[in-house]
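Architecture at a glance
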Amino acid sequence: MKLKSIICKLFPVWIILALFTMTATAGDINLSAAASLRDAVTALTTDYSKENPGVKFINNFASSGALAKQIANGAPADIYFSANPKWMDYLKDKKLLDEKRISIFAFNSLVFVGMPDLKVKNMQDVPTLEKVAIGSPSSVPAGQYAMEAITRAGIDKKLENKLVMARDVRECLMYAERGDVSGSFVYKTDALQMAKKVKILFDVPQELYFRVTYPVGITLSGSKKVDVALFYKYLQTTQAKEILTKYGFVIN
Amino acid sequence: MFVFSHSDYLAILLSLKVATVATLLSLPFGFAVAYIMTYRKFRGRVVLDVLVNLPLTLPPVVVGYLLLLLLGKNGWLGKWVLQPMGINLIFTWKAAVIATAVVGFPLMVRSIRTGMETIDIRLIEASRTLGAGWLDTIVTVILPLSVRGLLAGSVLMFARGLGEFGATIIVAGNIPGVTQTIPLAIYEYVSSPSGDVMALSLCLVSVTISVIVLVFHEWLGRRMVKVD
C-alpha cells in the first residue's frame, strides 16, 4: 500500500530526528536553586559571566524539595543550591554529590507578611485570620520552617483548615499580594525584594525554628566540569558575598 | 502500602463531594442549554456552541485563571458584585465546585444533546398538536425521553470532576481538608522526594473509583436498552 511505503520510508528520518537532541556544550553549567534565591543567583551568574564570557548558565528555580527529587530522578544538574540542609543530605545519602564540595552559602530568616492595615503583631495573632499561606511542608523549606514555628508556638491546631499550600515561597508571597489570603510566611529576602502591596508584619522569633541555612553542593556530573569548580570558588569571594548581602541574605 | 493519613481520607471525601455537587448543579443548566441548542434556531447559535465547548478545548489552567480574573477580590464580578455582598469564593470549596462544573459542563451538554437528538420529533409534534405548551412538552415528553442522555452526561461529568486539577489549583488553591482533592494531594506527594508510595496509593484509589463509575455507566446503558 502506498501509505505503508511512505511510513516505512519516513521511519528512519523520525528516528534520526528523535536522536538529534540538543547536546550541552562543555561551557554550560546546569544550575538548580531554591526559588527564594532566584534574583540573587541570577545576579551572581550574570556577574560571573561578565568576567568569564565562555560560560553559559542554564538556571532552574523551584522549591528545594522538588529540585532534589528531580536530581535524584536523573535531571541534569551540576550545582545545587538548597534552602534546607535536609535536601542536601538527602542527595548526599543517595551518593549523588561530590562530598568534598558542599558548603554553607548563606542564611535567611522567616517573616510574616500581610496587608499593612492588618492587626497582627505576633504568632498568637495569626489564627485570628481567615486564611494563611505557607509553602507545602513536604517539599518547600520555607513551609517546613514555618510549620516548625507554628507547631512550637502551639497554634497548629487552631490553624487547621486555614493553611493554603503553595508550591514555592514566591507563590506564597503572591497569594498574599493578591489578597486571596490574609497573610503568609515567607523569607525576609522575598519580602524585601518582591513585596509591593504587603509589608512585613513581624519577624518570626528565631527560637521557634531551625535557622534558615542554604547549603550549596556540586553533583557528580558537575564535578567533571572545570567551569563548575571555578564558579564554586567564585561563590566564596567577597565580590559574591557583597551581591548576596545586597539582596538581604546573611553571610554569617 | 495502604496506610492513608487523615488528610488523605479528607482528600478522597472532598473529591467525591465536589464532583457530586458540581454535577448536580450543572444538570439543570446543562439540560436548558442542550434544549436550546437542539430545538431552537436563532442567530448566533454557533457562538453559543463555541462558548459551551470552549472549556473542553482550553487548557484547564486557562479556565482557572479566567475564573480567578472573574471572581477574585479585584475581579470583574468579584469587585462589583461579590465583595459588596460579602461573598468570598476564591480558595474555598465552592470555588473548587465552580471550577469542576465549568470544566465538565461541555461533556454534560454533549451527552444530553446526543440523547435529545434521538427523540422522535413526531412525538414532540404530536404533543404540540394535542395542545401542550412548550414547557409542558419539555416536562412531559422531552425530559423523560432524555433520561439516558442526562445520566450518561452526569456520569461522564462526575468522572471528569474527580480528575480536575488545573482550574481547581488556581481558583481554589491547595488547602488540606478544604480544597485539597485527590489530584492535588497526589501532586503534593509527587513534588516531595519521600512521597512516591503515598502518590501511588492515591493513584490506585483514583483508578478504582474511575473503574467503578465506568462500570456503572456501562450497566446503566445496558439497562436502558432493555427497557426500550
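Just so it is clear, the model here is predicted, and its values are computed rather than measured. Residue positions within a chain follow its written sequence, with the count starting from 1. Each chain is given a letter, starting from A, and each ligand a number, starting from 1, according to the order in which they appear as written. Predicted model: local features are reported for residues with pLDDT of at least 70 only, side-chain atom pairs are reported and counted for 80 or more only, and whole-chain, interface and lining totals are derived from all residues. Hydrogens are left out, water is left out, and the side-chain values use all remaining heavy atoms of the structure.

Description of the confidence of the model for chain A
pLDDT expresses how confident the predictor is about each individual residue, on a scale running from 0 to 100. When pLDDT is averaged along chain A, the result is 90, and 96% of the positions lie at 70 or above. Counting from the N terminus, the helices are the DSSP runs of H or I reaching at least four residues and the strands are the DSSP runs of E reaching at least two. Of all the helices and strands in chain A, helix 1 (residues 2-19) of chain A carries the lowest mean pLDDT, 77, while strand 3 (residues 79-81) of chain A carries the highest, 96.

Some details on the packing of aromatic side chains
Residue and element names in this part refer to chain A. Two aromatic rings from Phe, Tyr or Trp, using only the six-membered ring of Trp, form a pair when their centres are within 6.5 Å; if the ring planes differ by under 30 degrees the pair is stacked, by over 60 it is edge-to-face, and anything between is tilted. Scanning all chains against the criterion turns up 18 aromatic pairs over all chains. With 6.1 Å between their ring centres and 85 degrees between their planes, Trp-87 and Tyr-90 make a pair best called edge-to-face. One end of the pair is Trp-87 and the other is Tyr-90, both in helix 4 (residues 85-93) and 3 residues apart, which spans about a single turn. When accessible area is computed with a 1.4 Å probe and restricted to protein chains, residues below 20% of their type maximum are described as buried, those above 50% as exposed, and intermediate ones as partly exposed. For Trp-87, a relative accessible area of 3% puts it in the buried group. Feature note: the residues Tyr-145, Tyr-187, Tyr-209, Tyr-214 and Phe-249 constitute an aromatic cluster, connected by ring pairs.

What to know about the pattern of salt bridges
Residues and elements named next belong to chain A. One side-chain nitrogen of Lys or Arg within 4 Å of one carboxyl oxygen of Asp or Glu is enough to make a salt bridge. Considering all chains together, one arrives at 13 salt bridges over all chains under this definition. For Arg-152, the salt bridge is made with Glu-148, and the minimal N-O distance between the two is 3.6 Å. Note that Arg-152 and Glu-148 are positioned in helix 5 (residues 141-152) at a spacing of 4 residues, about one turn of the helix. Residue classification places Arg-152 among the exposed positions, given a relative accessible area of 53%. Residue Arg-167 pairs with Asp-168 through a salt bridge whose shortest N-O separation is 3.9 Å. Using a relative accessible area of 47% as the deciding quantity, one classes Arg-167 as partly exposed. Connected via shared salt-bridge partners are Asp-39, Arg-170 and Asp-190.

Some thoughts on the pairing of strand 2 (residues 56-62) of chain A
Residues and elements named next belong to chain A. For two strands to be treated as a pair, DSSP must find no fewer than two bridges joining them. With 7 bridges joining them, strand 1 (residues 28-34) and strand 2 adopt parallel strand pairing. Following the sheet pairing, Ile-29 is matched in strand 2 by Phe-57. Taken together, strand 1, helix 2 (residues 38-51) and strand 2 constitute a β-α-β crossover, and its handedness is right-handed. When the strands point away from the viewer, a crossover counts as right-handed if the route from the first strand across the helix to the second turns clockwise.

Some remarks on the interface of chain A and chain B
Any pair of residues with heavy atoms lying within 4.5 Å of one another is described as a contacting pair. Each partner contributes to the interface: chain A provides 21 residues, whereas chain B provides 22 residues. Values labelled buried area give the accessible surface lost by two parts on being combined, using a 1.4 Å probe and summing over both. Across the chain A to chain B interface the summed buried area is about 1700 Å²; carbon plus sulfur atoms make up 53%. In this structure, the connection of chain A to chain B is made through 1 salt bridge. Residue B:Asp196 pairs with A:Lys69 through a salt bridge whose shortest N-O separation is 3.0 Å. Throughout this description, a polar contact denotes any pair of N or O atoms lying within 3.5 Å of each other; where both atoms belong to protein, one of them has to be capable of donating a hydrogen while the other can accept it, and for residues adjacent in sequence the pair is counted only when both atoms sit in side chains. Where chain A meets chain B, there are 8 residue pairs in polar contact (both at pLDDT 80 or more). Taken together, the residues of the side of chain A that touches chain B sort by class into 9 nonpolar, 6 polar and 6 charged. Under the scheme applied, nonpolar residues are Ala, Val, Leu, Ile, Met, Phe, Trp, Tyr, Cys and Pro; charged residues are Asp, Glu, Lys and Arg; polar residues are all the others, including Gly.

A short note on the packing of helix 1 (residues 6-39) of chain B against helix 10 (residues 182-191) of chain B
When two helices pack together, their arrangement is given by the angle between the helix axes and by the axis-to-axis distance. Residues and elements named next belong to chain B. Fitting a line to C-alpha atoms yields each axis, with helices limited to the stretch in contact; the angle taken between N-to-C directions then spans 0 to 180 degrees. Taken N-terminus to C-terminus, the directions of helix 1 and helix 10 make an angle of 145 degrees; their axes are 8 Å apart at the nearest point. Side by side, helix 1 and helix 10 meet where Asp-8, Ala-11, Ile-12 and Ser-15 of the first sit next to Ile-182, Pro-183, Ala-185 and Tyr-189 of the second. Classifying every residue of the contact of helix 1 with helix 10 gives 6 nonpolar, 1 polar and 1 charged.

Here we look at the packing of helix 3 (residues 64-72) of chain A against helix 10 of chain B
Contact geometry for helix 3 of chain A and helix 10 of chain B: axes closest at 8 Å, N-to-C directions at 65 degrees. One element, helix 3 of chain A, and the other, helix 10 of chain B, form an angle in the roughly perpendicular class. Residue-level inspection shows A:Gly65, A:Ala66 and A:Lys69 of helix 3 of chain A in contact with helix 10 of chain B, the latter providing B:Tyr189, B:Val190 and B:Ser191. Each residue belonging to the contact of helix 3 of chain A with helix 10 of chain B can be placed in one class, and the counts come to 3 nonpolar, 2 polar and 1 charged. Here the angle decides the label: under 35 degrees means roughly parallel, over 145 means roughly antiparallel, 65 to 115 means roughly perpendicular, and every other value means oblique.

Re the environment of B:Ile121
All names here are of chain B. Here Ile-121 is to be found in helix 6 (residues 121-129). The class for Ile-121 is partly exposed, based on a relative accessible area of 44%. Expressed as a C-alpha distance, the spacing of Ile-121 and Pro-60, which sit 61 residues apart in the sequence, is 37 Å.

Looking at unusual backbone geometry
Outside of glycine, negative phi angles account for most residues, and trans bonds account for most peptide bonds. The residue A:Lys95 is not glycine, and still its phi comes out positive at about 60 degrees. Among the structural elements, A:Lys95 can be located in the loop between helix 4 and strand 4 (97-108). A positive phi angle, close to 65 degrees, is found at B:Phe91, a residue other than glycine. Mapped onto the elements of the fold, B:Phe91 is located in the loop between helix 4 (76-82) and helix 5 (93-117). B:Phe91 sits in the buried class, given a relative accessible area of 1%.

Quick look at the sheet that holds strand 5 (residues 110-114) of chain A
All names here are of chain A. With mixed pairing, the 5 strands of this open sheet are ordered in space as 7-6-8-5-9. Strands with a single pairing partner mark the edges of an open sheet, and in this sheet they are strand 7 (163-166) and strand 9 (199-203). Sheet twist, expressed as the average angle between the axes of neighbouring strands with direction ignored, equals 35 degrees. Taken together, the 4 bridges between strand 6 (residues 132-135) and strand 7 define a ladder with parallel strand orientation. The partner of Gly-135 across the bridge, within strand 7, is Ala-166.

Brief notes about helix 7 (residues 134-145) of chain B
Residue and element names in this part refer to chain B. Here the expected length of a helix is defined as 1.5 Å per residue gap, with one fewer gap than residues. Helix length check: helix 7, at 12 residues, gives a terminal C-alpha distance of 15 Å against a target of 16 Å (1.5 Å per residue), a fit within 8%. Taken together, the buried positions of helix 7 are Thr-137, Ile-138, Val-141 and Ile-142. End-on, the buried residues of helix 7 take up no more than an arc of 130 degrees, which puts them together on one face. Where helix 7 is buried, its residues touch helix 1, helix 5 and helix 6. Think of the arc as the fan of directions from the helix axis to the C-beta atoms.

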